[in-house]
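# Chains, contacts and geometry: an overview
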Amino acid sequence: MEDEEDFFGDFAMPACKCIDCDPLTGCESLWAGRMVDPIDHTTQRAAHVVISTCDGSVGDVAAYLGDVRAITTTIISRCGKHVHGAPEEAVIVHADKVDSDDEAFLEWIVHNYHEQESKGNVIFIGENPDNIDMTKASKMVRAAEMSTFRCGSKHVVTMSDDISKSAFCKKEGTSQYIQTCKSSAFATTMEAIRKQELSLWNGVERDFSSRMNWASLLSPPLTSEEIEALESHSTGVDEEDGCLIREPTSPTEVKEVTGGSSFSRFLKVATGVFHH
(Lines give C-alpha, C1' and ligand atoms only; values in the text may rest on other atoms or scores of the structure.)
Protein backbone atom coordinates (compact mmCIF):
# COMPACT_ATOMS: atom_id res chain seq x y z
CA MET A 1 0.00 0.00 0.00
CA GLU A 2 1.13 3.58 -0.71
CA ASP A 3 2.65 5.64 2.07
CA GLU A 4 0.44 8.11 3.90
CA GLU A 5 1.25 11.11 1.73
CA ASP A 6 0.33 9.24 -1.46
CA PHE A 7 -2.83 7.88 0.13
CA PHE A 8 -4.01 11.34 1.13
CA GLY A 9 -3.04 12.87 -2.21
CA ASP A 10 -3.10 16.65 -2.41
CA PHE A 11 -4.63 17.03 1.05
CA ALA A 12 -1.94 15.33 3.14
CA MET A 13 -2.43 15.69 6.87
CA PRO A 14 0.46 16.96 9.01
CA ALA A 15 2.98 14.36 10.19
CA CYS A 16 1.97 14.09 13.83
CA LYS A 17 4.77 13.38 16.28
CA CYS A 18 2.88 14.63 19.32
CA ILE A 19 -0.87 14.91 19.86
CA ASP A 20 -1.17 17.73 22.37
CA CYS A 21 2.18 19.55 22.43
CA ASP A 22 1.35 22.11 19.74
CA PRO A 23 -2.30 23.08 19.15
CA LEU A 24 -1.49 24.68 15.78
CA THR A 25 -0.52 21.38 14.15
CA GLY A 26 -4.02 19.94 14.28
CA CYS A 27 -2.65 16.67 15.62
CA GLU A 28 -5.31 16.47 18.32
CA SER A 29 -7.57 15.19 15.56
CA LEU A 30 -5.42 12.06 15.28
CA TRP A 31 -6.70 10.75 18.62
CA ALA A 32 -10.24 10.99 17.28
CA GLY A 33 -9.40 9.19 14.04
CA ARG A 34 -8.27 12.24 12.07
CA MET A 35 -11.59 13.95 12.77
CA VAL A 36 -10.72 17.18 11.01
CA ASP A 37 -13.14 20.09 10.86
CA PRO A 38 -12.60 21.78 7.48
CA ILE A 39 -13.08 25.53 7.26
CA ASP A 40 -13.99 25.70 3.56
CA HIS A 41 -17.74 26.18 3.73
CA THR A 42 -18.03 28.19 0.52
CA THR A 43 -17.78 25.53 -2.16
CA GLN A 44 -20.67 23.14 -2.56
CA ARG A 45 -19.59 19.52 -2.35
CA ALA A 46 -20.94 16.67 -4.45
CA ALA A 47 -21.11 13.01 -3.58
CA HIS A 48 -22.59 9.70 -4.61
CA VAL A 49 -25.26 9.00 -2.00
CA VAL A 50 -25.86 5.41 -0.94
CA ILE A 51 -28.75 4.69 1.43
CA SER A 52 -29.61 1.38 3.03
CA THR A 53 -33.13 1.00 4.42
CA CYS A 54 -35.35 -1.73 5.76
CA ASP A 55 -38.49 0.20 6.72
CA GLY A 56 -38.54 2.01 3.36
CA SER A 57 -38.68 5.53 4.76
CA VAL A 58 -36.04 7.94 3.42
CA GLY A 59 -37.98 11.19 3.69
CA ASP A 60 -35.41 12.97 5.85
CA VAL A 61 -32.47 12.31 3.53
CA ALA A 62 -32.77 15.63 1.71
CA ALA A 63 -32.67 17.52 5.00
CA TYR A 64 -29.71 15.47 6.17
CA LEU A 65 -27.67 16.06 3.00
CA GLY A 66 -28.17 19.81 3.23
CA ASP A 67 -26.03 21.53 0.60
CA VAL A 68 -24.35 18.33 -0.60
CA ARG A 69 -25.24 17.83 -4.26
CA ALA A 70 -26.04 14.22 -5.07
CA ILE A 71 -24.12 13.00 -8.13
CA THR A 72 -26.12 9.79 -7.98
CA THR A 73 -28.53 8.49 -5.36
CA THR A 74 -28.91 4.78 -4.78
CA ILE A 75 -31.45 3.49 -2.28
CA ILE A 76 -31.06 -0.16 -1.35
CA SER A 77 -34.31 -1.56 0.05
CA ARG A 78 -33.43 -4.65 2.07
CA CYS A 79 -36.77 -5.84 3.41
CA GLY A 80 -39.08 -5.85 0.40
CA LYS A 81 -40.98 -2.72 1.43
CA HIS A 82 -42.02 0.18 -0.79
CA VAL A 83 -39.63 3.11 -0.51
CA HIS A 84 -41.27 6.36 0.61
CA GLY A 85 -39.84 9.84 0.09
CA ALA A 86 -37.20 8.92 -2.49
CA PRO A 87 -35.89 11.72 -4.74
CA GLU A 88 -37.12 11.47 -8.34
CA GLU A 89 -33.62 10.79 -9.67
CA ALA A 90 -32.90 8.01 -7.18
CA VAL A 91 -32.19 4.47 -8.32
CA ILE A 92 -34.04 2.04 -6.06
CA VAL A 93 -32.55 -1.41 -5.72
CA HIS A 94 -34.69 -4.11 -4.11
CA ALA A 95 -32.30 -6.51 -2.41
CA ASP A 96 -34.33 -8.83 -0.22
CA LYS A 97 -31.38 -11.16 0.34
CA VAL A 98 -29.18 -8.38 1.71
CA ASP A 99 -29.42 -8.54 5.48
CA SER A 100 -27.54 -5.49 6.75
CA ASP A 101 -26.39 -1.97 5.95
CA ASP A 102 -22.81 -3.19 5.67
CA GLU A 103 -23.70 -5.84 3.12
CA ALA A 104 -25.69 -3.28 1.12
CA PHE A 105 -22.74 -0.88 1.08
CA LEU A 106 -20.39 -3.65 0.04
CA GLU A 107 -22.65 -4.67 -2.83
CA TRP A 108 -22.71 -1.05 -4.05
CA ILE A 109 -18.91 -0.85 -3.95
CA VAL A 110 -18.46 -4.07 -5.91
CA HIS A 111 -21.05 -3.06 -8.51
CA ASN A 112 -19.72 0.49 -8.93
CA TYR A 113 -16.00 -0.13 -8.53
CA HIS A 114 -15.33 0.56 -12.22
CA GLU A 115 -18.40 2.66 -12.94
CA GLN A 116 -18.10 5.94 -11.07
CA GLU A 117 -15.68 8.80 -11.68
CA SER A 118 -12.37 8.24 -9.95
CA LYS A 119 -12.38 11.46 -7.91
CA GLY A 120 -15.96 11.27 -6.66
CA ASN A 121 -16.95 11.43 -3.00
CA VAL A 122 -19.31 8.85 -1.53
CA ILE A 123 -21.52 9.15 1.53
CA PHE A 124 -23.08 6.01 2.98
CA ILE A 125 -26.15 6.28 5.21
CA GLY A 126 -27.44 3.27 7.12
CA GLU A 127 -30.70 2.50 8.85
CA ASN A 128 -29.59 3.68 12.28
CA PRO A 129 -26.64 6.08 11.97
CA ASP A 130 -25.67 6.00 15.64
CA ASN A 131 -24.47 9.23 17.20
CA ILE A 132 -24.43 11.10 13.89
CA ASP A 133 -24.88 14.84 13.66
CA MET A 134 -27.74 14.98 11.20
CA THR A 135 -26.82 18.49 10.03
CA LYS A 136 -23.20 17.79 9.16
CA ALA A 137 -23.23 15.70 5.98
CA SER A 138 -21.37 18.44 4.12
CA LYS A 139 -18.70 18.53 6.84
CA MET A 140 -18.28 14.76 6.55
CA VAL A 141 -17.76 14.99 2.79
CA ARG A 142 -15.27 17.85 3.10
CA ALA A 143 -13.32 15.97 5.75
CA ALA A 144 -13.29 12.79 3.66
CA GLU A 145 -11.68 14.76 0.84
CA MET A 146 -8.83 15.61 3.21
CA SER A 147 -8.39 12.34 5.08
CA THR A 148 -10.10 9.75 2.80
CA PHE A 149 -12.56 8.71 5.53
CA ARG A 150 -14.88 10.51 7.93
CA CYS A 151 -16.93 8.64 10.49
CA GLY A 152 -20.47 9.78 11.22
CA SER A 153 -19.86 9.75 14.96
CA LYS A 154 -19.70 13.21 16.44
CA HIS A 155 -16.63 12.78 18.62
CA VAL A 156 -14.40 10.49 20.57
CA VAL A 157 -16.16 8.38 23.15
CA THR A 158 -15.84 9.72 26.68
CA MET A 159 -16.12 6.95 29.23
CA SER A 160 -16.94 7.17 32.92
CA ASP A 161 -14.70 9.27 35.15
CA ASP A 162 -13.78 11.46 32.17
CA ILE A 163 -11.70 8.79 30.49
CA SER A 164 -11.29 9.51 26.78
CA LYS A 165 -11.25 6.59 24.35
CA SER A 166 -9.39 6.88 21.07
CA ALA A 167 -10.68 5.81 17.67
CA PHE A 168 -7.60 3.58 17.38
CA CYS A 169 -7.56 0.10 18.88
CA LYS A 170 -5.04 -2.71 18.90
CA LYS A 171 -5.84 -5.44 16.41
CA GLU A 172 -6.48 -8.62 18.34
CA GLY A 173 -3.44 -10.86 18.57
CA THR A 174 -1.10 -8.30 17.02
CA SER A 175 0.73 -5.09 17.86
CA GLN A 176 -1.00 -3.26 15.00
CA TYR A 177 -3.51 -0.46 15.48
CA ILE A 178 -6.67 -0.07 13.44
CA GLN A 179 -9.08 2.83 13.27
CA THR A 180 -12.66 2.17 14.32
CA CYS A 181 -15.95 3.84 13.41
CA LYS A 182 -19.03 3.07 15.47
CA SER A 183 -21.57 4.63 13.16
CA SER A 184 -23.59 3.32 10.23
CA ALA A 185 -23.00 6.56 8.34
CA PHE A 186 -19.66 7.62 6.93
CA ALA A 187 -18.08 9.44 4.01
CA THR A 188 -15.17 8.40 1.82
CA THR A 189 -13.93 8.78 -1.75
CA MET A 190 -13.90 6.53 -4.79
CA GLU A 191 -10.13 7.00 -4.83
CA ALA A 192 -9.89 5.51 -1.33
CA ILE A 193 -12.19 2.65 -2.32
CA ARG A 194 -9.98 1.88 -5.30
CA LYS A 195 -6.86 1.88 -3.15
CA GLN A 196 -8.07 -1.62 -2.29
CA GLU A 197 -8.18 -4.17 -5.09
CA LEU A 198 -11.60 -5.26 -6.29
CA SER A 199 -10.65 -8.80 -5.26
CA LEU A 200 -10.48 -7.62 -1.64
CA TRP A 201 -14.01 -6.19 -1.75
CA ASN A 202 -15.25 -9.34 -3.45
CA GLY A 203 -13.48 -11.45 -0.87
CA VAL A 204 -14.74 -9.72 2.26
CA GLU A 205 -16.33 -12.37 4.43
CA ARG A 206 -20.11 -12.04 4.35
CA ASP A 207 -20.54 -12.46 8.10
CA PHE A 208 -22.41 -9.37 9.23
CA SER A 209 -23.43 -10.49 12.70
CA SER A 210 -21.34 -7.56 13.94
CA ARG A 211 -20.76 -4.18 12.31
CA MET A 212 -18.07 -4.04 9.66
CA ASN A 213 -15.13 -1.76 10.39
CA TRP A 214 -15.06 0.45 7.32
CA ALA A 215 -12.50 2.81 8.86
CA SER A 216 -9.81 0.14 8.84
CA LEU A 217 -10.32 -0.46 5.11
CA LEU A 218 -10.66 3.13 3.93
CA SER A 219 -8.25 5.05 6.16
CA PRO A 220 -4.53 5.35 5.46
CA PRO A 221 -2.24 3.28 7.68
CA LEU A 222 -0.64 4.89 10.69
CA THR A 223 2.94 5.99 10.37
CA SER A 224 5.50 4.99 13.00
CA GLU A 225 5.49 8.60 14.23
CA GLU A 226 1.70 8.59 14.62
CA ILE A 227 1.80 5.30 16.52
CA GLU A 228 4.40 6.78 18.86
CA ALA A 229 2.26 9.90 19.33
CA LEU A 230 -0.85 7.85 20.14
CA GLU A 231 0.97 5.60 22.58
CA SER A 232 2.64 8.55 24.28
CA HIS A 233 -0.71 10.29 24.69
CA SER A 234 -2.55 7.25 26.04
CA THR A 235 -2.46 6.08 29.64
CA GLY A 236 -3.74 2.59 28.99
CA VAL A 237 -5.83 0.23 26.88
CA ASP A 238 -9.52 -0.61 27.24
CA GLU A 239 -9.65 -4.29 28.20
CA GLU A 240 -12.94 -4.82 26.35
CA ASP A 241 -12.02 -3.68 22.84
CA GLY A 242 -8.31 -2.85 22.93
CA CYS A 243 -8.83 0.84 22.21
CA LEU A 244 -6.33 3.32 23.60
CA ILE A 245 -7.64 5.36 26.51
CA ARG A 246 -6.44 8.43 28.33
CA GLU A 247 -7.24 9.32 31.91
CA PRO A 248 -6.87 12.95 33.02
CA THR A 249 -3.36 13.54 34.30
CA SER A 250 -4.11 16.92 35.88
CA PRO A 251 -7.20 18.73 37.23
CA THR A 252 -7.12 21.17 34.33
CA GLU A 253 -6.85 18.64 31.53
CA VAL A 254 -9.55 18.85 28.89
CA LYS A 255 -12.12 16.16 29.62
CA GLU A 256 -13.11 15.36 26.07
CA VAL A 257 -11.01 15.21 22.90
CA THR A 258 -13.06 16.20 19.90
CA GLY A 259 -10.31 16.84 17.38
CA GLY A 260 -10.74 19.20 14.46
CA SER A 261 -10.98 22.54 16.27
CA SER A 262 -7.22 22.92 16.54
CA PHE A 263 -6.83 21.84 12.93
CA SER A 264 -9.28 24.53 11.83
CA ARG A 265 -7.17 27.09 13.71
CA PHE A 266 -4.05 25.69 12.07
CA LEU A 267 -5.58 26.12 8.61
CA LYS A 268 -6.71 29.67 9.37
CA VAL A 269 -3.23 30.63 10.55
CA ALA A 270 -1.66 29.00 7.49
CA THR A 271 -4.00 30.81 5.11
CA GLY A 272 -3.76 34.14 6.89
CA VAL A 273 -7.44 34.42 7.80
CA PHE A 274 -6.99 33.89 11.53
CA HIS A 275 -6.58 37.09 13.50
CA HIS A 276 -5.84 37.46 17.19
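What counts and how
- Residues numbered from 1 in each chain as written.
- Predicted model: local features only at pLDDT ≥ 70, side-chain atom pairs only at ≥ 80, totals over all residues.
- Heavy atoms only, no water.
- Helix = DSSP H or I, 4+ residues; strand = E, 2+ residues; numbered from the N terminus.
- Buried < 20%, exposed > 50% of the residue type's maximum accessible area, 1.4 Å probe, protein only.
- Contact = heavy atoms within 4.5 Å.
- Salt bridge = Lys/Arg side-chain N within 4 Å of Asp/Glu carboxyl O.
- Pairing = 2+ DSSP bridges.
- Axes fitted to C-alpha atoms, helices over the stretch in contact; angles between N-to-C directions.

### Some points on the overall build of the chain
- For the chain, the count of helices and strands is 10 helices and 10 strands.
- Counting across all 276 residues of the chain, residues that qualify as buried make up 47%.
- Taking the intrachain contacts of the chain between residues at least 6 apart in sequence as the baseline, contacts between residues at least 24 apart amount to 73%.

### Let's talk about the side chain of H233
- Within the secondary structure, H233 is located in helix α9 (residues 224-233).
- By relative accessible area, H233 is classed as buried at 7%.

### Some details on the pattern of salt bridges
- Across all of its chains, the model carries 6 salt bridges by this definition.
- D67 is the salt-bridge partner of R142, the closest N and O atoms lying 3.7 Å from each other. Of the two residues, R142 sits in helix α5 (residues 137-147) while D67 sits in the loop between α3 (61-65) and β2 (69-77), which places them 75 residues apart along the sequence.
- Residue D67 is classed as partly exposed on the basis of its relative accessible area, which comes to 35%.
- Of the charged contacts, one joins D241 and K165 as a salt bridge, the two residues approaching to 3.0 Å between their closest N and O atoms. Of this pair, D241 sits in the loop between β9 (236-237) and β10 (243-246) while K165 sits in strand β6 (residues 164-170), and the two are 76 residues apart along the sequence.

### Brief notes about the pairing of β6
- Burial analysis of β6 places 6 of its 7 residues in the buried class, which makes it a mostly covered element.
- Looking at chain direction, β6 and β10 are connected through 3 bridges and run antiparallel. Bridge pairing links S164 to R246 in β10.
- When β6 meets strand β7 (residues 177-179), the two strands line up antiparallel, connected through 3 bridges. Within the sheet, the bridge partner assigned to C169 lies in β7 and is I178.
- Where β6 folds back onto β7 in an antiparallel hairpin, the turn is made up of 6 residues, including G173, whose phi is positive at roughly 80°.

### Thoughts on the sheet that holds strand β8 (residues 185-189)
- Strands sit in the order β3-β2-β1-β4-β8-β5 across an open sheet of 6 strands; the sheet is mixed. Bordering the open sheet on either side are β3 (91-94) and β5 (149-151), each of which pairs with just one other strand. Sheet twist, expressed as the mean angle between neighbouring strand axes with direction ignored, is 15°.
- Contacting β1 (46-53), β2, β4 (121-125) and β8, helix α4 (residues 101-112) runs over the sheet at an angle of about 135° to β1.
- Docked against the sheet, α5 engages β1, β4, β5 and β8, running at close to 40° with respect to β8.

### Let's talk about α5
- For α5, the buried fraction is high: 10 of the 11 residues fall into the buried class.
- What α5 keeps buried is the set A137, S138, K139, M140, V141, R142, A143, A144, M146 and S147.
- In the stretch just after α5, T148 is the one whose phi turns positive, near 70°.

### A short note on the sheet that holds β9
- Reading across the sheet, the 4 strands line up as β7-β6-β10-β9 and stay open at both edges, with antiparallel pairing between neighbours. With one partner strand each, in any of the chains shown, β7 and β9 form the two edges of the open sheet.

This is a description of form; function is not addressed.
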